[in-house]
Amino acid sequence: MDRSEFLIFVGSLTSRRRWKRFRLRQRIRASGLFDVSWYLVQNPDVVRSGKDPILHYIRHGVAESRNPSPNFDNEYYLAKYPDVAVASMNPLDHYIRFGKIEGRSTRRAPGTNAGGIERPATYVPRSSEERPAALKARLIAFYLPQFHPIPENDAFWGKGFTEWANVTRAVPQFDGHYQPRLPGDLGFYDLRVKDIQKEQIEIAMQYGVSGFCFHFYWFNGKRVLEMPIAQFVENDAHEMGFCINWANEPWSRRWDGRDQEVLIAQSHSPEDDLAFIEHVSGYFRDRRYIRVGGKPLLMIYRPGLFPSATETAQRWRAYCREAGIGEIFLAYPQSFDTSDPAEFGFDAAVEFPPNLGRFPEVNDSIPTLKSDFRGKIYDWAELLNRSRAYPRVPYTLFRGLCPSWDNTARRMEAAYILVNASPSRYKEWLTNAVVDTCNRFADFDSRLIFVNAWNEWAEGAYLEPDARYGYAYLQETRNVLSAPSAAGKFRK
């Protein structure tokens, strides 16, 4: 065998090993027998490393006598069934493939009670209910695509960086502070695995979420983190709605407090306006793209950054008419800009909590706050209070809400934290938003409500199931939005 043949042989062995490891990881994840939350609680070094816990278990956990759940003891299983050790199989994988059918015992890990790990009293498991037959309004959840590695993040933050690297490093800043916030059933997912997004879609639709609003990153033709959106569109088997929100600002280190360091610059021009709309108009043609009055909904994060937002809007509208798309519906979230959308040539604005104006800090009311904490703490209940008497504005405004907010994972001791959020209080806020929306919009297509967010884990703003509440927020979402069949139609 010459050198080139040897290298090909070695390469093929490496590829086969990687494929086997990938399949092993998929089997363990799909089995439901690996308890991610328990594993991370037992192994805080894995939390700090930011590694996928299942992959850590496969590569290191078994050899280091780390058990995958309180109900599976690796050493016991290998000692009781020496054929597994002789076959050099991962013990949990053997049980999944053969041992369970053969009735082999696993014995609980030492020190756990008969019920295994004890879920918090607040934990709500996944319901067996089908997708609601009818809805009172359309809830659109902002969706962060930064849960897979990209070259840009590798360069900025280190090899393999995803949002989970921030999430796992968070530590409590006072007694009772809910950090770190660990995912539930979906685990520390990688959006390159298509089954993850399929399950996200299934969960969202089951609990009454009508669509995802993907944050979209375009920098003068350079597109970043677009893979999850493209993957969503390529999956033709679902009817989940979607739209995009162009984050049209420079990509900087703002979230960790270093505004001055620009990672990817942004420069607006008439030429870029046309290049952008030409690209995103391809999404408008998808049957599932969210429309208002038949018009594709395009969200722009900061219209105030355009040299002339009205001229940009005119270019986009003219292009879409000429391209056969027709009229479009332009809206923006009220984060940095809070003007009447007409000033930008737009059709509507969207509330984007927690950015709903000023409200008092409560730092002084928390006696156990760390001495080096220099961030700000607010009362989330103030957001709920404002929903009890919504102010009227002379333009089209869609309601928005956030299940909670806490960016400790990103800013640590300089975090902005909202305390006192809960599923029951979220339910009241959403109820108020639905009532207000139905009163103001007779047409179901115009009854849009936005939630920040589906999966902003590093900002503590997510509907996805977590280790503490499970599906509690999603269950409240479904309970509020579900309508009798005669009260509305289910549309994307």
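Residues numbered from 1 in each chain as written. Predicted model: local features only at pLDDT ≥ 70, side-chain atom pairs only at ≥ 80, totals over all residues. Heavy atoms only, no water.

A. Region of the structure containing the packing of aromatic side chains. As enumerated under the stated definition, the model contains 51 aromatic pairs in all. Ring geometry for Phe 212 and Phe 214: centres 6.2 Å apart, planes at 85°, overall edge-to-face. You can call Phe 214 buried: its relative accessible area is 0%. Pairing Trp 218 with Phe 276 gives two aromatic rings, centres 5.7 Å apart and planes at 80°, and the pair type is edge-to-face. Placement of the pair is Trp 218 in strand 2 (residues 209–219) and Phe 276 in helix 12 (residues 270–284), with a sequence separation of 58 residues. Taking relative accessible area as the criterion, Trp 218 reaches 4% and is therefore assigned buried. Of the aromatic side chains, those joined through ring pairs into one cluster are Tyr 143, Phe 212, Phe 214, Phe 232, Phe 242, Tyr 283, Phe 284, Tyr 289 and Trp 454. Between Arg 104 and the ring centre of Tyr 81, over which it is positioned, the NZ or CZ distance is 4.8 Å. Of note, Arg 399 hangs over the ring of Tyr 390, and the distance from its end group to the ring centre comes to 3.8 Å. (Phe/Tyr/Trp six-rings, centres within 6.5 Å; stacked < 30°, edge-to-face > 60°. Buried < 20%, exposed > 50% of the residue type's maximum accessible area, 1.4 Å probe, protein only. Helix = DSSP H or I, 4+ residues; strand = E, 2+ residues; numbered from the N terminus. Lys NZ or Arg CZ within 6 Å of the ring centre and 35° of its normal.)

B. Main features of the sheet that holds strand 14 (residues 416–419). Pairing is mixed across the open sheet formed by three strands, whose spatial order is 11-14-13. The sheet is open, and its two edges are formed by strand 11 (376–379) and strand 13 (405–406), each paired on a single side. Bridge count for strand 11 against strand 14 is four bridges, and the pairing is parallel. If you follow Asp 379 over to strand 14, its bridge partner there is Val 419. (Pairing = 2+ DSSP bridges.)

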